[in-house]
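Chains, contacts and geometry: an overview
One-letter residues, chain by chain:
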Amino acid sequence: MAALRRAVPVLSRALAGPGGAAPGRRWVRALRRSPVRVLPPRKEQAEAQKRPVEHHPPPPAVERGSAGPGLWYEKASPGDRSLGKVVTIAKSRSFRDRHGKVLLEGLRLIRDALQAGAAPRALFFSTAEHLRELPPAPLKGARLVRVRFEDIKCWSDVVAPQGMIGIFSKPDHAKMSYPTAQLPIVLICDNIRDPGNLGTILRSAAGAGCEKVLLTKGCVDPWEPKVLRAGMGAHFRVPIVADLDWESVPSNLPSGVQVCVADNKDLGAQAETEPTSQGAGRSGSHSGNPKAPVKPKRKAAPPEHKDEEGTEGVCASELAAQYYYENWIQSPAAVVVGGETHGLSPDALHLAASTGGKRLVIPVVPGVDSLNSAVAAAIVLFEGKRQLQWRTHKQDNEKQFIPSIVG
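The model shown is predicted, which means the values in this text are computed figures rather than measured ones.

What follows is about the packing of aromatic side chains. Any two aromatic rings considered together are summarised by their centre-to-centre distance and by the angle between their planes. Scanning the entire structure with this criterion turns up four aromatic pairs. Ring centres 5.9 Å apart and planes at 50° place the aromatic pair Trp223 and Phe236 in the tilted group. Remark: Phe236 occurs in the loop between helix H10 (225–231) and strand S9 (240–244) and Trp223 occurs in the loop between strand S8 (210–216) and H10; sequence separation between them is 13 residues. Residue Trp223 is classed as buried on the basis of its relative accessible area of 10%. Centroid distance Tyr323 to Tyr325: 5.4 Å. Interplanar angle 5°. Geometry classified as stacked. For Tyr323, a relative accessible area of 1% translates into the label buried. Through a chain of ring-to-ring contacts, three or more aromatic side chains come together here, namely Tyr323, Tyr324 and Tyr325.

One open sheet accounts for six strands, arranged S1-S2-S5-S4-S6-S3; its pairing is mixed. Edge positions in the sheet fall to strand S1 (64–68) and strand S3 (101–105), since each has one partner strand and no second. Averaged over all pairs of adjacent strands, the angle between strand axes in this sheet comes to 25°, irrespective of strand direction. Where strand S4 (residues 120–125) and strand S6 (residues 164–169) come together, five bridges link them in antiparallel fashion. Residue pairing across strands places Leu123 opposite Gly166, the latter belonging to S6. Along the sheet face, helix H4 (residues 82–90) touches S3, S4, strand S5 (143–146) and S6 and points at about 55° away from the line of S6. Its contacts with the sheet place helix H6 (residues 107–116) against S3, S4 and S6, and it is angled at close to 30° to S6.

The next subject is the pattern of salt bridges. Enumeration according to the criterion identifies eleven salt bridges in this entry. Taking the shortest distance from any N to any O, the salt bridge between Arg132 and Glu129 comes out at 3.1 Å. Of this pair, Arg132 and Glu129 are both found in helix H7 (residues 128–132), three residues apart, which corresponds to roughly one turn of the helix. One network of salt bridges, in which partners are shared, links Lys91, Asp157 and Arg229.

Right, let's talk about the sheet that holds strand S10 (residues 258–263) for a bit. Spatially, S9-S8-S7-S12-S10-S13-S11 is the arrangement adopted by the seven strands of the open sheet, whose pairing is parallel. Single-partner strands in this sheet number two, and they are S9 and strand S11 (320–323). Ignoring which end each strand starts from, the neighbouring axes of this sheet average 25° apart. Pairing of S10 with strand S13 (residues 358–361), which is carried by three bridges, proceeds in the parallel orientation. For Asp263, the partnering residue across the bridge sits in S13 and is Val361. Lying over the sheet, helix H12 (residues 346–354) contacts strand S7 (183–190), S10 and strand S12 (333–338), oriented at roughly 135° with respect to S10.

Conventions used here
- Every chain begins its residue count from 1, and numbering advances along the sequence as written.
- The predicted nature of this model means local features are confined to residues of pLDDT at least 70 and side-chain atom pairs, given and counted, to a pLDDT of 80 or more, with totals for whole chains, interfaces and linings taken over all residues.
- Based on all heavy atoms of the structure, the side-chain values leave hydrogens and waters out of the count.
- In this analysis, rings of Phe, Tyr and Trp, with Trp reduced to its six-membered ring, are considered paired at centre separations within 6.5 Å, and the interplanar angle assigns stacked below 30 degrees, edge-to-face beyond 60, and tilted for intermediate values.
- In this text, helices come from DSSP runs of H or I with a minimum length of four residues, and strands from runs of E with a minimum of two, each type numbered from the N-terminal end.
- Three exposure classes are used, based on accessible area relative to the maximum for each residue type with a 1.4 Å probe and protein chains only: buried under 20%, partly exposed in between, and exposed over 50%.
- The criterion for strand pairing is that DSSP finds at least two bridges linking the strands in question.
- To define axes, lines are fitted to C-alpha atoms, for helices over the stretch in contact only, and angles between the resulting N-to-C directions are given on a 0 to 180 degree scale.
- Throughout, a contact is declared for two residues whenever any of their heavy atoms are within 4.5 Å.
- The term salt bridge refers to a pairing of a side-chain nitrogen on Lys or Arg with a carboxyl oxygen on Asp or Glu at a separation within 4 Å.

Shown next as structure tokens:
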């Protein structure tokens, strides 16, 4: 007890500052410390123990349904917003590039994608009957959700939605299965920026049976919803290689290929005017008889221009020109179609000149400033198919005629 009495004055002097007026540093440091635990008064603790424990109900179980053997789908609850979130995100190009997924809408387009080998990730549909019309094997690894038709109609971009929206992994042309090509032509799209034009070009290429379609940098994304709607399933009938620079285009072409360019600058007008690099989407004045083949007059020393990188370019007049309906097809071949705004690029003309290609002229009447690039592509492709079929038919007839003469 005496020791305690002696310790109290010493402790008081330690806590007090000089003169005993202000607290010392140790006291200030103690005030800044946070408590480990705050204990409520005993009365509040007793009341808290008397209160009944609240039990939150578990989340409702997901209602499931069957669309066939081993094929189960979940039914979206009222107010579910997962469809809206998925559609909004999947429509952006940044989502497609970052996550490698695309949005497909419509029963026919989704069925074509599944038959070609595309991998589904999620599928939203309004009726189970639509689900039974699809091949069941690829759907077993995807999330299947049945939603109201009103929800699909709200988020659909088409006027008459079919009640089905799917999220697929972006297809890789090397891993897909396509119909056998019937036309040994590779179509090269040069700076096609309009989604409707690109979709129509892909549809024409698939209809003609092209070997593949190459899209250079500057073309619109082929997996944009507008391009998919205009393509009408062509994305899964012809291989598409997108976002290529011109340095990598030759590696995607067969060996010994001759690259031609589609143009609607008339032969007579091209010989009289200054050389320009106009594509099928740009036109010039028309003169002379379009049915009579007219060879352009070359100038003594055509001026060479340089592109932005400083390399020597090729003028359109330096390419051998002929009308598109004259004999030009050979196996293999490639055709370049330029955009309507800027026409053919210097890189396209240089590639055609390096392979001994030609300028295929589609004549137009005077006063027409441009020719739609999708129409130009269809004209050239189906004319090439006609010439190839006629040549094959002629060779078959000659083979049948030679034995009769020998005998």
